[in-house]
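# An overview of the molecular structure
Each chain is listed here by its residues.
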Amino acid sequence: MPEQTLALVNPQTDATFVALGEQVMGLVRYAESRTITSDADIRCATDDLSLIVKLKKALEDKRKEYVQPFNEHVKEVNGIFKLISDPLDKADTLNRSKVLAYRAEIERKRKEAEAIEAEKLALAKREAALSGTGEFTVDLTPVAKPEAPPDRTHTEMGTLSKSGIWKWELVDWELVPREYKMLNEVLIGKVVRSGMRTIPGLRIYQEETLRII
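Residues numbered from 1 in each chain as written. Predicted model: local features only at pLDDT ≥ 70, side-chain atom pairs only at ≥ 80, totals over all residues. Heavy atoms only, no water.

Time to look at the pattern of salt bridges. Summed over all chains, the structure comprises 11 salt bridges. Arg 96 is the salt-bridge partner of Asp 92, the closest N and O atoms lying 2.7 Å from each other. A residue pair is termed a helical-turn pair when its members lie 3 or 4 positions apart in one helix, as Asp 92 and Arg 96 do in helix α2 (residues 39-131) at 4 residues. With a relative accessible area of 37%, Asp 92 lands in the partly exposed category. Two residues, Glu 105 and Arg 108, come together in a salt bridge whose shortest N-O distance is 2.8 Å. Of this pair, Glu 105 and Arg 108 both sit in helix α2, separated by 3 residues, roughly a single helical turn. Residue classification places Glu 105 among the partly exposed residues on the basis of a relative accessible area of 31%. Residue Arg 108 is classed as partly exposed on the basis of its relative accessible area, which comes to 46%. (Salt bridge = Lys/Arg side-chain N within 4 Å of Asp/Glu carboxyl O. Helix = DSSP H or I, 4+ residues; strand = E, 2+ residues; numbered from the N terminus. Buried < 20%, exposed > 50% of the residue type's maximum accessible area, 1.4 Å probe, protein only.)

So, on to the side chain of Asp 48. Inspection of the secondary structure assignment puts Asp 48 in helix α2. We classify Asp 48 as buried; its relative accessible area is 16%. The contact partners of Asp 48, leaving out residues within four places of it in the chain, are Leu 27, Tyr 30 and Arg 34. (Contact = heavy atoms within 4.5 Å.)

Time to look at the environment of Lys 181. When you line up the elements, Lys 181 lands in the loop between β2 (159-161) and α3 (185-193). In this structure, Lys 181 is in contact with Trp 173, Glu 174 and Val 176, ignoring residues within four places of it in sequence.

Right, let's get into the packing of helix α1 (residues 15-33) against α2. Where α1 meets α2, the axes come as close as 11 Å, and the angle between the chain directions of the two elements is 150°. Taken together, the axes of α1 and α2 lie roughly antiparallel to each other. Relative to α2, the crossing made by α1 is left-handed. Seen from α1, the contacting residues are Thr 16, Leu 20, Gln 23, Val 24, Leu 27 and Tyr 30; seen from α2, they are Asp 48, Leu 51, Ile 52, Leu 55, Ala 58, Leu 59 and Lys 62. Of the residues that constitute the contact of α1 with α2, the class distribution is 9 nonpolar, 2 polar and 2 charged. (Axes fitted to C-alpha atoms, helices over the stretch in contact; angles between N-to-C directions. Parallel < 35°, antiparallel > 145°, perpendicular 65-115°, else oblique. Left-handed = near helix turned anticlockwise from the far one by under 90°. Nonpolar A, V, L, I, M, F, W, Y, C, P; charged D, E, K, R; others polar.)

Scope: geometric values only; no functional claims are made or implied.
Written out as structure tokens, the structure is:
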């Protein structure tokens, strides 16, 4: 794709934009002063509403005319940067996941060793109680366990430190307080528009509106 120069242009210097603005302001004045007292008034309002629909499309088309080249340029630039930002994110994820996996394995081994020591102590107490001597004959030598990784690692390039992020997962929906429950408004709106008329706990009603074609 050949290189292009994008120049910022003020739409307010565009004759088409200025003309559209004048029509819009005229419609606003008519709307502010309009009173509806007869069917004839409705016909006049219908004409204006039809013109408003056309003006909205014309304004949107003109806006796109100005912003589309910039949007396409932004999209292209973002795509080019993703060529190296995506692999960079991959390297970041791989390093973090491997460090976390190592720390998790060390913690697992330490907990397993502590659990074995606790079981040995419990067994020694049971044996002592059974023999009636009160003496421990079970080997209570501490189980070899790895040292816990440091919470901070300093290098010439930077510092890695352990931190915690609080998260949550659903266990029982019925026990969740009401203030933390949310209606799926998008889904409800979709099924109501498609013909659903009864949903427990909801009132489905029709509100009059206007459609201009």
